[in-house]
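Spelled out from the first residue to the last, the chains are:
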Amino acid sequence: GDLDKVVNLLLSLSGRLARVETALGSLGPHAPAEDKMALREKQRLLVAQLEDAKELKEHVGRREEAVGAMVARYLPAEHLQDYQHFVKMKSALITEQRELEEKIKLGQEQLRCLRESL
């Protein structure tokens, strides 16, 4: 459960940071200074939060290793391999699910814009 939460947090923060950086890049030279400052402050906060989330993921990883070592004492080799595969795939599948959700959201937004332009 913690792994799910941390991976979702990392993906969310990364996505938000990417949007802020895109917004900063799209500001023209004549954009108000307060807009640039607000976006830079948001970027700074998101970078700090992302670093905290990475530390949290490392902590969860260490806990996962400790649990894995404990589980290894009680499971036969075949079941242990299944458990290890499950843990590895869970993060990958969460990431893939989030990416697909973002692509769907983007496609829906593009479709809405196309309909409005017609």
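The rules behind the values
- Once a new chain begins, its residue numbering starts again from 1 and follows that chain's sequence as written.
- With the structure being a predicted model, the display of local features is reserved for residues of pLDDT at least 70 and the display and counting of side-chain atom pairs for 80 or more, all residues being used for whole-chain, interface and lining totals.
- To get the side-chain values, take all heavy atoms of the structure and skip hydrogens and water.
- UniProt positions are given in the numbering used here, feature names are shortened, and annotations may be inferred rather than shown by experiment.
- By convention in these notes, a salt bridge is any Lys or Arg side-chain nitrogen within 4 Å of a carboxyl oxygen on Asp or Glu.
- Only runs of H or I of at least four residues qualify as helices and only runs of E of at least two qualify as strands under DSSP, and these elements are numbered from the N terminus.
- The buried label applies to any residue whose accessible area, calculated with a 1.4 Å probe on protein chains only, is under 20% of its type's maximum; exposed applies above 50%, and partly exposed to all values in between.
- Annotation comment: domain bounds sourced from an automatic or database domain assignment.
- We call two residues in contact whenever any of their non-hydrogen atoms come within 4.5 Å of each other.
- As used here, buried area is the combined drop in accessible area, with a 1.4 Å probe, of two parts when they are placed together.
- For the purposes of these results, a polar contact is taken to be a pair of N or O atoms within 3.5 Å, where, inside protein, one atom must be able to donate a hydrogen and its partner to accept one; residues adjacent in sequence count only when each atom of the pair is a side-chain atom.
- Definitions used for this entry: grid spacing 1 Å over protein atoms alone; cavity, a set of points where a 1.4 Å probe fits but cannot get out; pocket, an open set with protein on both sides within 12 Å along at least 5 of 7 lines; lining residue, one with an atom within 4 Å of a point.
- Grid points are joined across faces, edges and corners, and a volume is the space filled by probe spheres set on the points.
- Charged means Asp, Glu, Lys or Arg here, nonpolar means Ala, Val, Leu, Ile, Met, Phe, Trp, Tyr, Cys or Pro, and polar covers whatever is left, Gly included.

The name an unreviewed UniProt entry assigns to the protein chain is SHRM4 protein, from the organism Fregata magnificens. Taken verbatim from the UniProt record of the protein chain, the Subcellular location (unreviewed entry) comment is "Cytoplasm, Cytoskeleton". According to the UniProt record, the Sequence similarities (unreviewed entry) comment for the protein chain reads "Belongs to the shroom family."

The subject of this paragraph is the pattern of salt bridges. Here the structure, examined in full by the defined rule, presents 5 salt bridges. Ionic pairing is found between Glu41 and Arg44, a salt bridge with its closest N-O pair at 2.6 Å. Residue Glu41 and its partner Arg44 are located together in helix H2 (residues 33–74), separated by 3 residues, close to a single helical turn. With relative accessibility at 34%, the residue Glu41 sits in the partly exposed group. With its nearest N and O atoms 2.3 Å apart, the salt bridge here joins Arg112 to Glu109.

This part is about the domain arrangement of the protein chain. In many reports, interface size means the accessible area that the parts give up when they come together. Entries for the protein chain in the domain assignment read domain 1 (1–74) and domain 2 (77–117). Taking only C-alpha atoms into account, the centre of domain 1 sits 17 Å from that of domain 2. Listed by partner, the interface residues are 12 residues for domain 1 and 9 residues for domain 2. Approximately 920 Å² of surface area, both sides summed, lies buried where domain 1 meets domain 2, with 65% of it carried by carbon and sulfur atoms. When the buried surface of domain 1 facing domain 2 is broken down by residue, Leu3, Asp4 and Leu11 rank first, second and third, together holding 40% of it. Remark: the boundary between domain 1 and domain 2 carries 0 salt bridges. The interface formed by domain 1 and domain 2 contains 0 residue pairs in polar contact (both at pLDDT 80 or more). When contributions to the side of domain 1 that touches domain 2 are tallied by element, the ones reaching two or more residues are helix H1 (2–26) and H2. Among the elements that make up the side of domain 1 that touches domain 2, the one with the highest residue count is H1 (7 residues).

In this model, the largest pocket occupies a volume close to 220 Å³. Lining the largest pocket are Gly1, Asp2, Leu3, Val60, Arg63, Glu64, Val67, Tyr83, Phe86, Val87 and Lys90. Of all the secondary structure elements, the ones that give two or more residues to the lining of the largest pocket are H1, H2 and helix H3 (77–117). Tallied by class, residues from the lining of the largest pocket come to 6 nonpolar, 1 polar and 4 charged. Both domain 1 (1–74) and domain 2 (77–117) contribute no fewer than three residues apiece to the lining of the largest pocket. One number sums up the size of the second largest pocket: a volume of about 150 Å³.

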